[in-house]
Amino acid sequence: MSSQLASRPVPALARSLALARRPPRHVVFARFQSNISPGVVAKASAVKTLPDFSMSNKVCMVTGAARGLGFEFCRAFVQSGCTQLAILDLKEEEAADAARDLVKSACVDSDMTESDYSVVGIGCDVSSELSVQQAFRRVMDEYGRVDSVVASAGIVENYSAFDYPFDRIKRLYDINVHGAFFTAREAARHMIPQGGGSIVLVGSMSANIVNIPQPQTPYNAAKAGAYRRLLSRAEQV
Ligand SMILES: NC(=O)c1ccc[n+]([C@@H]2O[C@H](COP(=O)([O-])OP(=O)(O)OC[C@H]3O[C@@H](n4cnc5c(N)ncnc54)[C@H](O)[C@@H]3O)[C@@H](O)[C@H]2O)c1
């Protein structure tokens, strides 16, 4: 899996240069020691990442997150200090179950308690622009902002190119291409007025190479298309 990152207001080139100029790892570790106040340490044992990757005080949102990679992205956010998070998936009940599981697992071997987290499960079909807009509205009502959005919802199917039913090709594009676009567009609409945020689209090596023997022509094309669309959109924001 590969992911493509679009972020405002730092342009991609400036971000790459900043990363290249980062101090050596041992210096970052030293900062990790010195930056943390005793009060934070008392509540921080759920945090497993360095301050440079901190998501504390950030509102995060992941589509297709009731299971799979989407759920793991949520877990990574929580392990980086995020306590306000929205899990979106087709069925609200499954998203809500995942939200409960995430909070429970975050509290294991940690000083955090369930009341330290606000994690909501929201039913959302990313292939419907209206459904995506409604989900963002609920997140804004709940948290007042959204800082990081991951478009992870996606499907893959295997049919020979000769036999792939057209209605299934359309469905795959509706989710993997249009769904990612609706999600990223809605995220940008909310992030620009608030001064910035991060949008991550989950891509695939299949955007660049043809995996053999999987017969998944539309999936490969969809991932390549979503990548190109991301670059085109990033240039506009
Ligand atoms: N698993 C891999 O090896 C792999 C490799 C490369 C890329 N990816 C990409 O990672 C992403 C997640 O893959 P995964 O392996 O976790 O898949 P998964 O099937 O385990 O999970 C996908 C989730 O998306 C949800 N979903 C499906 N259609 C949806 C819709 N219309 N609206 C909202 N949610 C919907 C499903 O209910 C499910 O919870 C996909 O974009 C996939 O293309 C996965």
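Residues numbered from 1 in each chain as written. Predicted model: local features only at pLDDT ≥ 70, side-chain atom pairs only at ≥ 80, totals over all residues.

The condition is simple: UniProt positions are given in the numbering used here, feature names are shortened, and annotations may be inferred rather than shown by experiment.
The name an unreviewed UniProt entry assigns to the protein chain is Ketoreductase (KR) domain-containing protein, from the organism Fibroporia radiculosa. The annotation that UniProt attaches to the protein chain under Sequence similarities (unreviewed entry) is "Belongs to the short-chain dehydrogenases/reductases (SDR) family."

### Focus on the overall build of the protein chain
In plain terms, the rule: Counting from the N terminus, the helices are the DSSP runs of H or I reaching at least four residues and the strands are the DSSP runs of E reaching at least two. Exposure classes come from backbone-placed C-beta atoms, where a residue is buried if 20 or more other C-beta atoms lie within 10 Å of its own, exposed if 12 or fewer do, and partly exposed in between. Residue pairs qualify as contacts under a 7 Å threshold applied to their C-beta atoms, which are placed from the backbone.
If you tally the helices and strands in the protein chain, you get eight helices and six strands. Walking the protein chain from its N terminus toward its C terminus, one meets helices and strands in the order β-α-α-α-β-α-β-α-β-α-β-α-β-α. Split into buried and exposed, the 237 residues of the protein chain put 35% on the buried side. The long-range fraction of contacts in the protein chain, counting pairs at least 24 apart against all pairs at least 6 apart in sequence, stands at 71%.

### Looking at the nonpolar core
Spelled out, the test is: Working definition: the nonpolar core is a set of buried Ala, Val, Leu, Ile, Met, Phe, Trp, Tyr and Cys residues, joined through C-beta atoms within 7 Å.
If you look at the biggest cluster of nonpolar residues, it comprises 55 residues, and the most contacted ones within it are Val-62, Ala-65, Cys-74, Leu-85, Ile-87, Leu-88 and Leu-201. Residue contributions to this core peak at nine residues, all from helix H7 (residues 166-194).

### Thoughts on the packing of helix H4 (residues 68-79) against helix H5 (residues 92-107)
So the rule is basically this: Note on definitions: angles span 0 to 180 degrees between N-to-C directions of axes, and those axes are lines fitted to C-alpha atoms, for helices only across the stretch in contact. Relative orientations are named as follows: roughly parallel for angles under 35 degrees, roughly antiparallel for angles over 145 degrees, roughly perpendicular for angles from 65 to 115 degrees, and oblique for any other angle. Crossings are assigned a handedness: left-handed for a near helix turned anticlockwise from the far helix by less than a right angle, right-handed for a clockwise turn. Residues are grouped as follows: Ala, Val, Leu, Ile, Met, Phe, Trp, Tyr, Cys and Pro are nonpolar; Asp, Glu, Lys and Arg are charged; all remaining types, including Gly, are polar.
H5 packs onto H4 with a crossing angle of 40° between their chain directions and a minimal axis gap of 11 Å. On the basis of their axis angle, the class for H4 and H5 is oblique. In terms of crossing hand, the pair formed by H4 and H5 is right-handed. Seen from H4, the contacting residues are Phe-71, Cys-74, Arg-75 and Val-78; seen from H5, they are Ala-98, Leu-102 and Ala-106. Along the lines of polarity and charge, the residues of the contact of H4 with H5 split into six nonpolar, no polar and one charged.

### Focus on the site of the ligand
Convention followed: Being near a molecule or strand means, for a residue, that its backbone-placed C-beta atom lies within 6 Å of it.
Around the ligand, 23 residues are found, and the nearest of them are Gly-64, Gly-68, Leu-69, Ala-153 and Gly-154. Taken together, the elements giving at least two residues each to the shell around the ligand come down to H4 and H7. At three residues, the largest contribution of residues to the shell around the ligand is made by H4. When its residues are assigned to classes, the shell around the ligand shows 11 nonpolar, nine polar and three charged.

### Looking at H4
This is how the line gets drawn: Helix span is expected to be 1.5 Å times the residue number reduced by one.
For H4, with 12 residues, the first-to-last C-alpha span of 17 Å sits near the 16 Å given by 1.5 Å per residue. On the buried face of H4, the contacting elements are strand E2 (59-63), strand E3 (84-89), H5 and strand E5 (148-151). Where H4 ends, the next residue or the one after it, Gly-81, has phi of about 100°, a positive value.

### What about unusual backbone geometry?
The step from Ile-212 to Pro-213 runs through a cis peptide bond, and the omega angle for that step is 20°. Within the secondary structure, Pro-213 sits in the loop between strand E6 (197-202) and helix H8 (217-236). Unusually for a residue other than glycine, Asn-57 sits at a positive phi of about 65°. Locating Asn-57 in the fold gives a position in the loop between helix H3 (38-43) and E2.

### What to know about the packing of H7 against H8
In the contact formed by H7 and H8, the axes pass within 10 Å of each other and the chain directions differ by 20°. Classed by the angle they form, the pair H7 and H8 counts as roughly parallel. Where H7 crosses over H8, the two elements pack in a sense that is right-handed. Counting all contacts with H7, which are made through Ile-169, Leu-172, Tyr-173, Asn-176, Val-177, Ala-180, Phe-181 and Ala-184, the residues of H8 involved are Pro-218, Tyr-219, Ala-222, Lys-223, Gly-225, Ala-226, Arg-229 and Arg-233.

### Quick look at H8
The following threshold applies: Think of the arc as the fan of directions from the helix axis to the C-beta atoms.
The terminal C-alpha atoms of H8 lie 29 Å apart, and with 20 residues this matches the ideal 28 Å at 1.5 Å per residue to within 8%. Looking only at H8, the buried set comprises Pro-218, Tyr-219, Ala-222, Lys-223, Ala-226 and Leu-230. Seen end-on, H8 carries its buried residues on one side only, within an arc spanning 130°. Facing away from the buried side of H8 by more than 90 degrees, the exposed set consists of Arg-228, Leu-231, Ser-232 and Glu-235.

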